[in-house]
Amino acid sequence: MAVLTLPAVAKLNLFLHIIGQRDDGYHRLETLFQFIDYGDTLTFTPQPERTLTFTCSQAQFATADNLVLQAARLLQHRFPTHWRGVHVHLDKRLPAGGGLGGGSSDAATTLLALRHLWQLPLSTAELATLGLSLGADIPVFIHGRAAFATGIGEILTPATPPCPWYLVVHPGVTVATPTVFKHPDLPRQTLPLQDWTQWQWETTRNDCEQLVSQLHPEVANALAWLLEYAPPRLTGTGACVFARFDSEEPAQQALQALPDKWQGFVAQGLNENPVCQHLRQASTVNLPD
Ligand SMILES: C[C@@](CO)(OP(=O)(O)O)[C@H](O)COP(=O)(O)OP(=O)(O)OC[C@H]1O[C@@H](n2ccc(N)nc2=O)[C@H](O)[C@@H]1O
Ligand SMILES: Nc1ncnc2c1ncn2[C@@H]1O[C@H](COP(=O)(O)OP(=O)(O)O)[C@@H](O)[C@H]1O
């Protein structure tokens, strides 16, 4: 089999409402996921020996608990006779703990790639359920469609929001998702939307934004800076914030003015995870739906 090079793009939460909490502590959400054309890249190189190895462009991610390795091991243990030797290399561009779902996307691309390479008899729904055991955001990347999500983010209804250009700003701090969800000041009682298909930017929000801005003043500063250009919002539990633009040029102009202390990039919204298209092209076998 040939070397497989695949994207692991980021997601944005266009809005994120917390509508309650389950008995196990997980929060019940209503959120709209959209992908953006910016992210990491994974390369899968088949090996003659039956070994599973992993490297990363950033040394701090080349650890045994990386989600890429966890995803691969999950399939290795589930299919002890199917798995074959592979070396996985992660070219990391997305900031960790940024609310961009980078780790989840890396794991989802790994699950999809290894299903393809090892020709595993797993449907996409089964693969998403396996992915859910590693992280609440993984199913949306596996199903590969922009989606309105309920439950803890795993009950997905495909959506086709507009695909504007985004300026995404990373304010240089890392937000740990569990810290936000454990915080007593997090609002947890937003009313469910009556009809999510009628969602509008103005009538939705990110329920984590105020708390994360208080915990991390640089997030508040980045939101205030973006507001000069377009209405900003936090993605996920942060730390990244973003604003929408009708075309690329004004987004790039705003990026030029970004203070040096922050990182940022411009990307377009996508309603399909590009890894799915890559795998359709690479596929010589029919995979189950
Ligand atoms: C809330 C979101 C929105 O996209 O935030 P980001 O992580 O993207 O910022 C995600 O669903 C996060 O998904 P993910 O980052 O995979 O979280 P997980 O590893 O499953 O959970 C980390 C911890 O967050 C808490 N958690 C997570 C999801 C959820 N709906 N309720 C929770 O209370 C739990 O305490 C859990 O132990
Ligand atoms: N491949 C990976 N990329 C990024 N983070 C990873 C990866 N594997 C494990 N992690 C861990 O997962 C955590 C969440 O990462 P990430 O998904 O990028 O952030 P977020 O959930 O805020 O979008 C990080 O703290 C990091 O230590």
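Residues numbered from 1 in each chain as written. Chains lettered and ligands numbered in written order. Predicted model: local features only at pLDDT ≥ 70, side-chain atom pairs only at ≥ 80, totals over all residues.

Draft legend 1. Representation of the overall build of the protein. Summing up its helical and strand segments, the protein has nine helices and 10 strands in all. Taking 2.2 N^0.38 as the reference for a compact globule, 289 residues should give roughly 19 Å; the C-alpha atoms of the protein span a radius of gyration of 19 Å, in line with that estimate. C-alpha atoms of the protein, sized along the principal axes, occupy 55 × 45 × 30 Å. When each of the 289 residues of the protein is scored for burial, the buried share is 39%. (Helix = DSSP H or I, 4+ residues; strand = E, 2+ residues; numbered from the N terminus. Rg over C-alpha atoms; globule rule 2.2 N^0.38 Å. Buried ≥ 20, exposed ≤ 12 C-beta atoms within 10 Å, placed from the backbone.)

Draft legend 2. Broad picture of the UniProt feature "domain: GHMP kinase N-terminal" (unreviewed entry) in the protein. The positions that UniProt labels "domain: GHMP kinase N-terminal" (unreviewed entry) are, in the present scheme, residues 66-144. Between the first and last C-alpha atoms of residues 66-144 the distance is 22 Å; the span itself is 54% helix and 8% strand. (UniProt positions renumbered as here; feature names shortened; annotations may be inferred.)

Draft legend 3. Quick look at the site of ligand 1. Not every one of the 20 residues close to ligand 1 is listed here, only the nearest: His27, Gly135, Ala136, Ile152 and Gly236. Split into classes, the residues belonging to the shell around ligand 1 amount to seven nonpolar, 12 polar and one charged. (Near = placed C-beta within 6 Å. Nonpolar A, V, L, I, M, F, W, Y, C, P; charged D, E, K, R; others polar.)

Draft legend 4. View of the UniProt feature "active site" (unreviewed entry) in the protein. With numbering matched to this structure, UniProt assigns "active site" (unreviewed entry) to Lys11 and Asp137. Spatially, the listed residues are clustered: although they cover 127 residues, their C-alpha atoms lie within 9.4 Å of one another. Mapping Lys11 onto the fold places it in strand β1 (residues 4-21). Not counting residues within four places of it along the chain, the set of residues in contact with Lys11 comprises Phe33, Gln34, Phe35, Leu100, Gly101, Ser105 and Val140. Within the element layout of this structure, Asp137 appears in the loop between α3 (124-132) and α4 (138-143). Leaving out residues up to four positions away in the same chain, Asp137 has contacts with Gly101, Ser104 and Gly153. (Contact = placed C-beta atoms within 7 Å.)

Draft legend 5. Layout of the packing of helix α2 (residues 102-117) against helix α9 (residues 274-282). At a minimum axis distance of 11 Å, the contact between α2 and α9 shows a crossing angle of 10°. As summarised for this structure, α2 and α9 are arranged roughly parallel, according to the angle between their axes. Here Thr109, Leu112 and His116 of α2 come into contact with α9, specifically with Val275, Leu279 and Ala282. Of the residues belonging to the contact of α2 with α9, the class tally is four nonpolar, two polar and no charged. (Axes fitted to C-alpha atoms, helices over the stretch in contact; angles between N-to-C directions. Parallel < 35°, antiparallel > 145°, perpendicular 65-115°, else oblique.)

Draft legend 6. Structural detail: the site of ligand 2. As a structural note, the neighbourhood of ligand 2 is formed by 16 residues, with Leu67, Ala96, Gly102, Gly103 and Asp106 the closest of them. Looking at the shell around ligand 2, the element that brings in the most residues is α2, giving four residues. Taken together, the residues of the shell around ligand 2 break down into five nonpolar, 10 polar and one charged.

Draft legend 7. Spotlight on the pairing of strand β10 (residues 263-270). Pairing geometry for strand β2 (residues 27-46) and β10, over two bridges, is antiparallel. Counterpart to Ile36 in the pairing with β10 is Gly269. Here strand β7 (residues 165-170) runs beside β10; their pairing, made up of six bridges, is antiparallel. Looking at the pairing, Tyr166 lines up with Ala267 of β10. (Pairing = 2+ DSSP bridges.)

Draft legend 8. Structural context of the environment of Gly99. Within the secondary structure layout, Gly99 lies in the loop between β4 (86-91) and α2. In this structure, the C-alpha to C-alpha distance between Gly99 and Thr177, residues 78 residues apart in sequence, is 8.4 Å. Those residues within four positions of Gly99 in sequence are excluded, and the remaining contacts are Val175, Leu234, Thr235, Gly236, Thr237, Gly238, Ala239 and Cys240.

Draft legend 9. Spotlight on the packing of helix α1 (residues 67-78) against α2. Running from N to C, α1 and α2 cross one another at 30°; their axes reach a closest spacing of 8 Å. Read as a crossing pair, α1 and α2 show a hand that is right-handed. Together, Leu67, Val68, Gln70, Ala71, Ala72 and Leu75 of α1 and Gly103, Asp106, Ala107, Thr110, Leu111 and Leu114 of α2 make up the contact between the two elements. In terms of residue class, the contact of α1 with α2 is made up of eight nonpolar, three polar and one charged. (Left-handed = near helix turned anticlockwise from the far one by under 90°.)

Draft legend 10. Layout of the nonpolar core. Counting residues in hydrophobic clusters, the biggest one holds 72 residues, and the most contacted among them are Val68, Leu111, Ile142, Tyr166, Leu167, Val241 and Phe242. The biggest single contributor to this core is β1, with nine residues. In contact with Ile142, not counting residues within four places along its chain, are Ala108, Leu111, Leu112, Thr124, Leu127, Ala128 and Gly131. (Core = buried A, V, L, I, M, F, W, Y, C linked by C-beta atoms within 7 Å.)

Draft legend 11. Representation of the environment of Leu12 in the model. Structurally, Leu12 can be placed in strand β1. In this structure Leu12 comes out as buried when scored by C-beta crowding, with 28 C-beta atoms within 10 Å. With 10 residues separating them along the chain, Leu12 and Arg22 place their C-alpha atoms 24 Å apart. Every residue in contact with Leu12, bar those within four places of it in the chain, is listed here: Gln34, Ile36, Tyr166, Thr235 and Phe242.

Draft legend 12. Local environment of the pairing of strand β3 (residues 52-56). Relative to β4, β3 is paired through five bridges, and the arrangement is parallel. When the bridges of β4 are listed, Thr55 appears paired with His89. Where the polypeptide runs from β3 across α1 and back to β4, its parallel neighbour, the crossover connection is left-handed. (Right-handed = clockwise from strand over helix to strand, strands pointing away.)

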